[in-house]
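Coordinate inspection notes
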Amino acid sequence: MRVLMIAPPGAGKGTQGALIAAHFNIPHIATGELLRDHVARQTALGQAVQAYLDRGELVPDQIVLDMVREAMIAAKASGGGFVLDGIPRNMEQARAAYEIGLELEMTADVALHLQAGDAELTRRLLARAALEHRSDDTPEVIAQRLALYHEVTSPLLAWYRGRGILVCVDAMRSAPEVGREILATLEAVHPSLDRAPPRERPPWA
Ligand code: AMP
């Protein structure tokens, strides 16, 4: 199972990504988590990206693409499945991730879109701020991250729809309800992937 998630901040990428990873026994590759870990450890990379995270801006593409390439190579060695969380965020990253997938013969089977409205997302992110103290869960930075999602990330949905791999799930419900629907949807995709002989698979698979 090879899944990437396209979702606005607060839609539940982290929670649902972890659920998918555990269910299919595949690595959960979360770029935001990897970046926050570098910041927490104050590595050179962490120091270089901290200001981007604090402002709710995208870090330079090459930084996340290098991370993802490395994680995908490790994923290939551990069976070839993955769930990508937080990437791609723009068209350049989508194209580059696809190229990496082609090169490693592991392009995504499913682009999973978690749908939720801005008012609900803002409410959830502010609630999370009280618990987790993330530097980017302030009202101003939340607004910036949502605007960025609408401007540069959501246009990717049409691209994945065109590739025939887009699946949309309503994320305005509780996490367990959304999780159940995601797993049922992915399970429905999964057997057909397993059965398809390689030469009959479409070019994106
Ligand atoms: P997330 O945990 O996915 O909400 O990401 C938190 C922050 O990490 C984002 O606001 C960006 O600053 C940065 N980030 C995560 N993934 C990417 C990416 N694919 N490209 C650029 N920046 C990213």
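Coordinates for the structure precede this section.
Summarised in this report is the structure supplied together with it. (Residues numbered from 1 in each chain as written. Predicted model: local features only at pLDDT ≥ 70, side-chain atom pairs only at ≥ 80, totals over all residues. Heavy atoms only, no water.)

Glancing now at the packing of aromatic side chains. The geometry of an aromatic ring pair is captured by two quantities: the separation of the ring centres and the angle between the planes. For the structure shown, the criterion picks out 2 aromatic pairs. Ring geometry for Tyr-98 versus Trp-159: centroids 6.0 Å apart, planes at 90°, classification edge-to-face. You can see Tyr-98 sitting in helix H5 (residues 91–104) and its partner Trp-159 sitting in helix H8 (residues 156–163), a full 61 residues away along the chain. With relative accessibility at 21%, the residue Tyr-98 sits in the partly exposed group. The class of Trp-159 is partly exposed, set by a relative accessible area of 24%. For the pair Trp-159 and Tyr-160, a centre-to-centre distance of 5.0 Å together with 75° between the ring planes defines the contact as edge-to-face. Owing to a relative accessible area of 1%, Tyr-160 belongs among the buried residues under this scheme. (Phe/Tyr/Trp six-rings, centres within 6.5 Å; stacked < 30°, edge-to-face > 60°. Helix = DSSP H or I, 4+ residues; strand = E, 2+ residues; numbered from the N terminus. Buried < 20%, exposed > 50% of the residue type's maximum accessible area, 1.4 Å probe, protein only.)

Here the focus is unusual backbone geometry. In this model, Ile-87 is joined to Pro-88 through a cis peptide bond whose omega is 5°. Looking at the secondary structure, you find Pro-88 in the loop between strand E3 (82–85) and H5. For Gln-42, which is not glycine, the phi dihedral falls at a positive 55°. Tracing the sequence through the fold places Gln-42 in the loop between helix H2 (31–41) and helix H3 (44–55). The residue His-133 is not glycine, and still its phi comes out positive at about 55°. Relative accessible area serves as the criterion here: at 64%, His-133 is assigned to the exposed category.

The residue Ala-11 is located in the loop between strand E1 (2–6) and helix H1 (13–24) in this model. The residues contacting Ala-11, other than those within four sequence positions of it, are Leu-114, Leu-121, Arg-124 and Ala-171. (Contact = heavy atoms within 4.5 Å.)

By the secondary structure assignment, Lys-13 is in helix H1. Residues in contact with Lys-13, not counting those within four places in the same chain, are Met-5, Ala-7, His-28, Asp-85, Gly-86, Arg-89 and Leu-114.

If you walk across this open sheet you meet the 5 strands as E2-E3-E1-E4-E5, and the pairing is parallel. The sheet is open, and its two borders are formed by strand E2 (28–30) and strand E5 (166–170), each paired with just one other strand. Strand-to-strand twist across the sheet, computed as the mean angle between neighbouring axes with direction ignored, equals 20°. Along the sheet face, H8 touches E1, strand E4 (110–115) and E5 and points at about 150° away from the line of E1. (Pairing = 2+ DSSP bridges. Axes fitted to C-alpha atoms, helices over the stretch in contact; angles between N-to-C directions.)

Bringing the nonpolar core into the picture now. Formed by 30 residues in total, the largest nonpolar core has its most connected members in Leu-4, Ile-6, Leu-35, Met-72, Phe-82, Leu-84 and Tyr-160. Residue assignment for this core shows that the elements contributing at least two residues are E1, H2, H3, helix H4 (61–77), E3, H5 and H8. Looking at this core, the element that brings in the most residues is H4, giving 7 residues. Once residues lying within four places of it in the same chain are set aside, the contact partners of Tyr-160 are Leu-4, Ile-6, Pro-88, Ala-94, Ala-111, Ile-165 and Leu-166. Counting 25 residues, the second-largest nonpolar core is a separate cluster that includes Val-3, Ala-21, Phe-24 and Ile-26. (Core = buried A, V, L, I, M, F, W, Y, C linked by side-chain atoms within 4.5 Å.)

These figures capture arrangement, not role.
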